[in-house]
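One-letter residues, chain by chain:
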Amino acid sequence: MSEISESIMKGLQEMLDHAKGKIELRSHYAAAVPPQVFTADEIRNIRDKLNMSQGFFAEVIGVSKKTVESWEYGRGKPNGAALRILSIADKDPEALERYGFVQL
């Protein structure tokens, strides 16, 4: 039996032993924090705080300028990854540069 197969079999046996109460396994629980939702004014304030035009801000966060415009005028709402990036930009504006989204 290969080393990988042995490792898998050992893990499966440990799971069975744990299910039967023969051994105690370490468990870790984590929950993802839901992304913060931003109003049109809050999005505009984040962009203004970063001193970026709508076009440049759109490039930095990976959306179109029209998307940023729609967010800022309340016609559209960011979701998913865009909300996470907005949260990061809001809480730590230098992070965009630090992680290579912006080169000054």
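Located above this text is the structure these notes cover.
Residues numbered from 1 in each chain as written. Predicted model: local features only at pLDDT ≥ 70, side-chain atom pairs only at ≥ 80, totals over all residues. Heavy atoms only, no water.

Participant: Mind laying out the nonpolar core, listing which residues take part and the relevant values?
Facilitator: Counting 18 residues, the largest nonpolar core has Ile46, Leu50, Met52, Phe57, Trp71, Leu86 and Leu96 as its most contacted members. Every element with two or more residues in this core is listed here: α2 (40-49), α3 (54-61), α4 (65-72) and α5 (80-91). Broken down by element, the residue count for this core peaks at five residues, all from α5. Apart from residues lying up to four places away in sequence, Ile46 is in contact with Phe38, Phe57, Leu86, Ala89 and Asp90. (Core = buried A, V, L, I, M, F, W, Y, C linked by side-chain atoms within 4.5 Å. Buried < 20%, exposed > 50% of the residue type's maximum accessible area, 1.4 Å probe, protein only. Helix = DSSP H or I, 4+ residues; strand = E, 2+ residues; numbered from the N terminus. Contact = heavy atoms within 4.5 Å.)

Participant: Explain unusual backbone geometry residue by residue, including any values.
Facilitator: Trans peptide bonds make up the majority, and among non-glycine residues the majority have a negative phi. The backbone of Asn51 shows a phi angle near 60°, a positive value even though the residue is not glycine. Mapping Asn51 onto the fold places it in the loop between α2 and α3. By relative accessible area, Asn51 is classed as exposed at 71%.

Participant: Could you give an account of the layout of surface pockets, naming the residues involved and the relevant values?
Facilitator: Quantified by volume, the largest pocket comes out at close to 170 Å³. Along its surface, the largest pocket is lined by Leu50, Asn51, Met52, Phe56, Pro93, Glu94, Leu96, Glu97, Val102 and Leu104. Residue composition of the lining of the largest pocket, by class: seven nonpolar, one polar and two charged. (1 Å grid on protein atoms, 1.4 Å probe; cavity = no way out; pocket = protein on both sides within 12 Å on 5 of 7 lines; lining within 4 Å. Points joined across faces, edges and corners; volume = space filled by probe spheres on them. Nonpolar A, V, L, I, M, F, W, Y, C, P; charged D, E, K, R; others polar.)

Participant: Would you mind going over the pattern of salt bridges in detail, with residue names and values included?
Facilitator: Tallying each qualifying case throughout the model produces seven salt bridges. Salt bridges sharing partners connect three or more residues here, namely Asp41, Arg44, Arg47, Asp48 and Glu72. (Salt bridge = Lys/Arg side-chain N within 4 Å of Asp/Glu carboxyl O.)

Participant: Got a sec to walk through the packing of α2 against α4? Specific residues and values, please.
Facilitator: Running from N to C, α2 and α4 cross one another at 125°; their axes reach a closest spacing of 7 Å. Comparing their axes, α4 and α2 come out oblique. Contacts between α2 and α4 pair Ala40, Ile43, Arg44 and Arg47 from the former with Val68, Trp71 and Glu72 from the latter. Tallied by class, residues from the contact of α2 with α4 come to four nonpolar, no polar and three charged. (Axes fitted to C-alpha atoms, helices over the stretch in contact; angles between N-to-C directions. Parallel < 35°, antiparallel > 145°, perpendicular 65-115°, else oblique.)

Geometric descriptors of this kind do not, in isolation, establish any biological role.
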